[in-house]
Amino acid sequence: MSPTAIGKVEKFNKAGDVVNVQRPSREEAEAAIKLLIRWAGDDPEREGLLGTPERVARAYEEFFAGYDEDPVHILERTFEETDGYDEMVVLRDIRLESHCEHHMVPIIGKAHVAYLPGKRVVGISKLARVVEIYAKRLQIQEKLTAQVANTIQTVLQPRGVAVVIEAAHQCMTTRGIHKPGVTMVTSRMLGMFREDPRTRQEFMTMIGGGANTRQVEG
């Protein structure tokens, strides 16, 4: 991304629709970071902080790179030559790094994704990329879980999709209530994973989990 580029960034309203908002220039972003440094009580012109606004802006480009990518496009390249394979495909322990949209602090954890193929399968790296794209946006874990599952269901049209996310939220471990060691677990079950308890239990067994998850209904 060019330091002076002004572009569009995706933003989601309450209905889940995408609306475009104007992205400020790099210079404007760095000026805002300087302002925050002063607000925190330090001098952005002192030696140790001179390069901080630029470094923070670059870090934000990495943290929120998901706004520049389309998860639907990632899943569109599929394969039909599966020799009739119709059993569960599971990808466990996908490293997840996101940021809480309420406090803009890290959410760190892992995602487990599964689907029951219909006529098509997708490269397993694509499933991890979908998780990463949605994670690299300002998020709440419930919405992130639903977005990953819904997108896989919409694009691949499998017989079912299951997503479980386990993550620690620094908005409650390093501030506020200060409760380290707490992990939030959310799940989204679609198709056969929702309708058939045996399919759901097979998935939970494969990822090493139990039934104690917060279900994201849909």
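All of these numbers come straight from a predicted model, not from anything done at the bench. (Residues numbered from 1 in each chain as written. Predicted model: local features only at pLDDT ≥ 70, side-chain atom pairs only at ≥ 80, totals over all residues. Heavy atoms only, no water.)

K.L.:
Where do I start with the nonpolar core in this structure?
P.N.:
Nonpolar side chains tend to gather and get buried jointly when the protein is soluble and globular. Leu96, Tyr115, Val148 and Ile152 are the most contacted members of the largest nonpolar core, which has 32 residues in total. Other than its neighbours up to four places away in sequence, Val148 contacts Val113, Val130, Val131, Tyr134 and Val163. Met88, Leu116, Met189 and Met204 belong to the second largest nonpolar core, which has 10 residues in total. (Core = buried A, V, L, I, M, F, W, Y, C linked by side-chain atoms within 4.5 Å. Buried < 20%, exposed > 50% of the residue type's maximum accessible area, 1.4 Å probe, protein only. Contact = heavy atoms within 4.5 Å.)

K.L.:
So what exactly am I meant to see when it comes to the packing of aromatic side chains here?
P.N.:
The geometry of an aromatic ring pair is captured by two quantities: the separation of the ring centres and the angle between the planes. Taken as a whole and assessed by the stated rule, the structure comprises four aromatic pairs. Between Tyr60 and Phe64 the ring centres are 5.2 Å apart and the planes differ by 80°, which places this aromatic pair in the edge-to-face class. By relative accessible area, which is 36% here, Tyr60 ends up partly exposed. Taking the relative accessible area as the measure of exposure, Phe64 reaches 11% and is therefore buried. With a centroid separation of 6.3 Å and an interplanar angle of 85°, the aromatic rings of Phe63 and Phe64 are classed as edge-to-face. Take Phe63: its relative accessible area is 32%, and that puts it in the partly exposed class. What links up through ring pairs into an aromatic cluster is the set Tyr60, Phe63 and Phe64. (Phe/Tyr/Trp six-rings, centres within 6.5 Å; stacked < 30°, edge-to-face > 60°.)

K.L.:
When you look at the pairing of strand S8 (residues 160-169) in this model, what are you seeing that I'm missing?
P.N.:
Regular strands show a simple pattern: their side chains alternate between the two faces of the sheet. Most of S8 sits inside the fold, with eight of its 10 residues counted as buried. Across 10 bridges, the pairing between strand S5 (residues 106-116) and S8 is antiparallel. Looking at the pairing, Ile108 lines up with Ala168 of S8. Pairing of S8 with strand S9 (residues 184-191), which is carried by eight bridges, proceeds in the antiparallel orientation. In the strand pairing of S9, Ala162 is matched with Met189. (Helix = DSSP H or I, 4+ residues; strand = E, 2+ residues; numbered from the N terminus. Pairing = 2+ DSSP bridges.)

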